[in-house]
Amino acid sequence: MFGTVNNYLSSVLSATDDYDGESLGTHISLRDVHVQNHNLYIAQPEKLVERFLKPPIDDVVSAHLKVLYHLAQEPPNYMEAYTQQAAACGAVVRLLQQLKDENWCLPLMYRVCLDLRYLAQACEKRCRGFNPGHVLEKAADCMMACFRVCAADGRASEEDTKRLGMMNLINQLFKVYFRINKLHLCKPLIRAIDNCVFKDSFPLPEQITYKYFVGRRAMFDSNYQGAVEDLSFAFNNCPDRFASNKRLILIYLVPAKMLLGYLPAKSLLQRYDLLLFHDLALALRVGNVKRFDEIVRDHELVLIRSGIYLLVQKLKFMVYRNLFKKVFIIRQTHQLDMDDFLAALQFVGVTDVSLNEAHCIIANLIYDGKIKGYISHAHNKLVVSKQNPFPPLISL
């Protein structure tokens, strides 16, 4: 047993002496092959570790070995494992503070924070007695301690600054905040990147992940143009071999573009198994409100799980707009009887809408800028502008 532990600790020491953050990160990763070695499952490894390593690296490794020990129990003690991983994260913060003008340890920080998030998720899933999101929020607090050290590093050169670790940490925090539905906590993180002088120097994979989450947040703020810009960057730069990731981006990019008036190509949707949006686009184009409702109802669970149900529902006003534009084209007048709109709804199979509800729908379309005009309640008419009464949907 001790021979195995000594070899492991010698490897950690070698990586530390060589300032090899990548190798060091591998040695404390829960995804590395060493976690299968039962000889490393030690409940109290401090004295063994102290013989090889200096503070605070010794605290990181001791905590990691304790994590392995608790995960090896039957059943696994996820809460104790998380607690030790949080201790490892605290030790990484001390290491970052100790290495004032060096950033070679950033890969170690990435791995510790990533495993901290994984263990927090495992606790949320398997441990009882906590409010939903409590453990993940505590994990985010630990990661924020690392982030603050990195963000405050203004003394080193661009090559050595710990600020290069900001985007990786922000992406980890985004994943937590989206999971626990605290998107308002993303705002200061986005501002930190916006104010970063070398925000374009972060690794492209990190930029892709960052743009994906920033684009999704923009959607929740109804900033669809910003969402399309960020999500398009993520999609266009994501390598084709990561088809599942590109599909995930499209789930948010396609409805955001549809809200701006762009209808997706069937070939693209077919390639990524998203023909749901093609069906929605067809109903939207012809103004078939009933068909649109049927598609949404049939795919309700998928839309809810993806977090885009309310976004897709906003497309319904575009369906109304296209249907009512047909009334205008048929009547060829700028004073349209409100009963004609009710008849159009009934024609496409919407029979449960009253005249007052039709008034409300048109009032919302006018407020949203999809129709230029006003309702004359005294005459029960919609009076539309003589210039471009149904403005184009495309706003990009």
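Residues numbered from 1 in each chain as written. Predicted model: local features only at pLDDT ≥ 70, side-chain atom pairs only at ≥ 80, totals over all residues. Heavy atoms only, no water.

**Some points on the overall build of the protein**
Counted only if it meets this: Helix and strand assignments come from DSSP, with helices taken as H or I runs of at least 4 residues and strands as E runs of at least 2, each series counted from the N terminus. Burial status follows relative accessibility: with a 1.4 Å probe on protein chains alone, a residue under 20% of its type maximum counts as buried, one over 50% as exposed, and anything between as partly exposed. Throughout, a contact is declared for two residues whenever any of their heavy atoms are within 4.5 Å.
From N to C terminus, the protein includes 20 helices and 3 strands. For the protein, the spread of C-alpha atoms along the principal axes amounts to about 90 × 50 × 40 Å. In the protein, which comprises 396 residues, the proportion classed as buried is 49%. The contacts in the protein between residues at least 6 apart in sequence include a share of 61% that link residues at least 24 apart.

**A closer look at the packing of aromatic side chains**
Threshold: Aromatic pairs are defined between Phe, Tyr and Trp rings, using the six-membered ring for Trp, whenever the two ring centres lie within 6.5 Å; interplanar angles under 30 degrees are classed as stacked, those over 60 as edge-to-face, and all others as tilted. A positively charged side chain is recorded as over a ring if its NZ (Lys) or CZ (Arg) lies within 6 Å of the ring centre. The angle to the ring normal must also be within 35 degrees.
Inspection of the entire model under this criterion finds 12 aromatic pairs. With 5.8 Å between their ring centres and 40 degrees between their planes, Phe 198 and Phe 202 make a pair best called tilted. As far as burial versus exposure is concerned, Phe 198 and Phe 202 are alike and both buried. Taken together, the ring pairs connect Phe 174, Phe 178, Tyr 210, Tyr 212, Phe 213 and Tyr 252 into an aromatic cluster. Lying across the ring of Tyr 262, Lys 257 places its NZ or CZ 5.3 Å from the centre.

**A word on a negative patch on the surface**
Defined as follows: Patch criteria: residues need more than 30% relative accessible area and no salt bridge. Like-charged residues are merged within 9 Å; nonpolar side chains of Val, Leu, Ile, Met, Phe, Trp and Tyr are merged within 5 Å. Using a 1.4 Å probe, accessible areas were evaluated by the Shrake-Rupley method; residue-level cover was limited to the displayed protein chains. We define a salt bridge as a side-chain nitrogen of Lys or Arg found within 4 Å of a carboxyl oxygen belonging to Asp or Glu. In this tally Asp and Glu are treated as negative and Lys and Arg as positive; neither His nor the chain ends contributes. All charge positions are set by atom: Lys at NZ, Arg at CZ, Asp at CG, Glu at CD.
Negative charge collects at one region of the surface, where Asp 101, Glu 102, Glu 158, Glu 159 and Asp 160 lie side by side. Mapped onto the secondary structure, Glu 159 falls in the loop between helix H7 (134-151) and helix H8 (166-179).

**Some words on H7**
Quick note on the threshold: For a helix, the expected span equals 1.5 Å multiplied by the number of residues minus one.
Its 18 residues place the ends of H7 25 Å apart at the C-alpha level, agreeing with the 26 Å of an ideal helix rising 1.5 Å per residue. All of the buried residues along H7 are Val 135, Leu 136, Ala 139, Ala 140, Met 143, Met 144, Cys 146, Phe 147, Val 149 and Cys 150. Residues of H7 that are buried in the fold lie against helix H5 (78-98), helix H6 (106-126), H8 and helix H9 (187-194).

**A look at unusual backbone geometry**
A cis amide bond links Pro 55 to the next residue, Pro 56, at an omega of -5 degrees. The residue Pro 56 is located in the loop between helix H3 (46-50) and helix H4 (57-71) in this model. Positive phi, close to 55 degrees, is recorded for Tyr 19, a residue that is not glycine. Tracing the sequence through the fold places Tyr 19 in the loop between helix H1 (2-17) and helix H2 (21-27).

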